[in-house]
Amino acid sequence: MSYIALFGNPNTGKTSLFNCLTGSYEYVGNWSGVTVEKKVGVLRQHGVPVVDLPGVYSLQPLSRDEGVATDFLLTEPCSAIVNIVDASQLRRNLHLTVQLLEFGRPLVIALNMVDVAEKRGVKVDAAKLSKYLGVPVIPVIARTGKGTNELVRAVLAAKDKPHPSIIIDYGVEVENAIRCIAEQLPDDVPGDKRWVALQFLEGNERMAAYLRGRLDLAPLLAIRADTERTLGGPLAKLIYETRDRWISEAIAIAAIELETKPLTLT
Ligand code: GDP
Ligand code: K
Ligand code: MG
């Protein structure tokens, strides 16, 4: 059976949420070849396996351990992704969210740490964020389990359904490169061909390793080099900056600065 996979940045409450969702039964081991803990449980009352993935800021692995996140998407069946987002660190967190949206499988956002965000004077409007991202956004408090019933309902409703993937426009040159690469990919690549192409273009070495075993990488490397020459810089930077602008817009729409109480010194 295919997994419900928990993705998120480090320290966003993944393990707390995993424990709320799964209860007592769980299998703990290691991911093959790395020292990262592999934690698999079963969704309460529904019998669906849930996996707690290592925390990452991006799908671009900075270490072998971080490669687990991309490898999981490339090799394991997954019926839905739960992306836990720290409401107090929206900008940083949404970079991973964009890459998971681009993967193209059903996605539900668990908006956590709302209490921390509010202490910092920020309230996130879950409905507006959901509208912008095109996927359900469910506020939760992973530490206490609040909101997890609603989250489970949203995940079960989204599971296995085609996902209306929002698409960022990366500009003519990058879009051309994406199209040229996607055309060369076999039909059985996991996730959207667009996602595969983008991850390759921004230099995800786990993606390159995956593709190397399946097709001739030389034409793809040539497309990347040509595009970088035309644009005069590394694609990773350009793709990051385009996402960052898109995320700024999400924050402008969905994050409300609370009125801060004036400090009284009496
Ligand atoms: P992980 O690294 O993503 O697996 O995160 P953990 O589940 O280990 O949580 C990191 C820390 O954040 C722990 O101390 C949790 O108790 C705490 N935490 C989790 N959810 C919340 C929340 O909604 N609000 C607050 N204030 N703390 C939380
Ligand atoms: K932790
Ligand atoms: Mg954890």
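Above this text you will find the structure in question.
Because the structure is predicted, anything quoted here is derived from the model rather than measured. (Residues numbered from 1 in each chain as written. Chains lettered and ligands numbered in written order. Predicted model: local features only at pLDDT ≥ 70, side-chain atom pairs only at ≥ 80, totals over all residues. Heavy atoms only, no water.)

**Student:** If you had to explain the overall build of the chain to someone new, which residues and values would you point to?
**Tutor:** In terms of helices and strands, the chain carries eleven helices and nine strands. A compact globule built from 266 residues should have a C-alpha radius of gyration of about 18 Å, and the chain, at 19 Å, falls within 12% of that. Considering only C-alpha atoms, the chain reaches an extent of 65 × 45 × 35 Å along its principal axes. Counting every position in the chain, which comprises 266 residues, the buried fraction comes to 53%. Within the chain, contacts between residues at least 6 apart in sequence are counted, and of these 70% link residues at least 24 apart. Computing the positive centroid from 30 side-chain charges and the negative centroid from 31, the chain places the two 5 Å apart. (Helix = DSSP H or I, 4+ residues; strand = E, 2+ residues; numbered from the N terminus. Rg over C-alpha atoms; globule rule 2.2 N^0.38 Å. Buried < 20%, exposed > 50% of the residue type's maximum accessible area, 1.4 Å probe, protein only. Contact = heavy atoms within 4.5 Å. Lys, Arg positive; Asp, Glu negative; His and termini not counted. Charge placed at Lys NZ, Arg CZ, Asp CG, Glu CD.)

**Student:** Break down unusual backbone geometry for me, citing the residues and quoting the values.
**Tutor:** Even without a glycine there, the phi angle at Q45 is positive, about 65°. Within the fold, Q45 resides in the loop between β3 (37-42) and β4 (49-52).

**Student:** Any details on the pattern of salt bridges? Residues and values, ideally.
**Tutor:** In the structure shown here, the tally under the stated rule is ten salt bridges. Between R229 and D226 there is a salt bridge, with the nearest N and O atoms lying 3.0 Å from each other. Linking R229 with D226, this pair stays in helix α10 (residues 218-231), spanning three residues, or about one helical turn. Here the salt bridges share partners, and the residues they tie into one network are E102, E202 and R243. (Salt bridge = Lys/Arg side-chain N within 4 Å of Asp/Glu carboxyl O.)

**Student:** Can you tell me about the pairing of strand β5 (residues 78-86), naming the residues and giving the values?
**Tutor:** Among the nine residues that make up β5, nine are buried, leaving the element largely enclosed by the rest of the structure. Taken together, the six bridges between strand β1 (residues 3-8) and β5 define a ladder with parallel strand orientation. Residue pairing for β5: G8 is matched across the bridge by I84. Alignment of β5 against strand β6 (residues 107-112), held across six bridges, turns out to be parallel. In the sheet register, V85 faces β6, and the bridge partner there is L111. (Pairing = 2+ DSSP bridges.)

**Student:** How would you explain the nonpolar core if you had to name every residue and give the values?
**Tutor:** Inside soluble globular proteins, nonpolar side chains tend to come together where they are buried. Ranked by size, the top nonpolar core spans 67 residues in total, and within it F7, F72, L73, L111, L129, L133 and L211 carry the most contacts. With seven residues, the top contributor of residues to this core is helix α3 (residues 90-103). When near neighbours in sequence (up to four residues on either side) are disregarded, L111 contacts V85, A87, V124, A126, L129, V137, I138, P139 and V140. (Core = buried A, V, L, I, M, F, W, Y, C linked by side-chain atoms within 4.5 Å.)

**Student:** Please set out helix α1 (residues 14-22) residue by residue, giving values where relevant.
**Tutor:** If you check which residues of α1 are buried, you get K14, L17, F18, C20, L21 and T22. Positive phi appears at G23, one or two residues downstream of α1, with a value of about 70°.

**Student:** Requested: an account of the sheet that holds strand β8 (residues 137-139), with residues and values cited.
**Tutor:** Taken in spatial order, the seven strands of this open sheet run β2-β3-β4-β1-β5-β6-β8, and their pairing is mixed. Of all the strands in the sheet, the pair left with one neighbour each is β2 (26-30) and β8. On average, adjacent strands in this sheet sit at an angle of 25° to one another, irrespective of strand direction. Against the sheet, α3 engages β1, β5 and β6, with an angle of about 165° to β5. Along the sheet face, helix α6 (residues 148-158) touches β1, β5, β6 and β8 and points at about 165° away from the line of β6. (Axes fitted to C-alpha atoms, helices over the stretch in contact; angles between N-to-C directions.)

**Student:** Tell me what's going on with the site of ligand 1, and back it up with residues and numbers.
**Tutor:** Looking at ligand 1, there are 13 residues lining it, with K14, T15, S16, N112 and D115 nearest. Within the backbone of T12, one N or O atom sits 3.1 Å away from an oxygen atom of ligand 1. Measuring from a nitrogen atom of ligand 1, one finds a side-chain N or O atom of R143 at 3.3 Å. If you list the elements that add at least two residues to the shell around ligand 1, you get α1 and α4 (114-119). Here the shell around ligand 1 gets three residues from one element, more than from any other, and that element is α1. Looking at the shell around ligand 1 residue by residue, the class counts come to four nonpolar, six polar and three charged. (Near = heavy atom within 4 Å. Polar contact = N/O pair within 3.5 Å; in protein donor to acceptor, adjacent residues only side chain to side chain. Nonpolar A, V, L, I, M, F, W, Y, C, P; charged D, E, K, R; others polar.)

**Student:** Break down helix α8 (residues 193-201) for me, citing the residues and quoting the values.
**Tutor:** The buried fraction of α8 is high, at eight of nine residues. By the burial criterion, the buried members of α8 are R194, W195, V196, A197, L198, Q199, F200 and L201. Those residues of α8 that are buried are in contact with α2 (67-75), α3, α7 (172-184), α9 (205-212), α10 and α11 (235-254). Taken from the residues just after α8, G203 is the one with a positive phi, measuring 90°.

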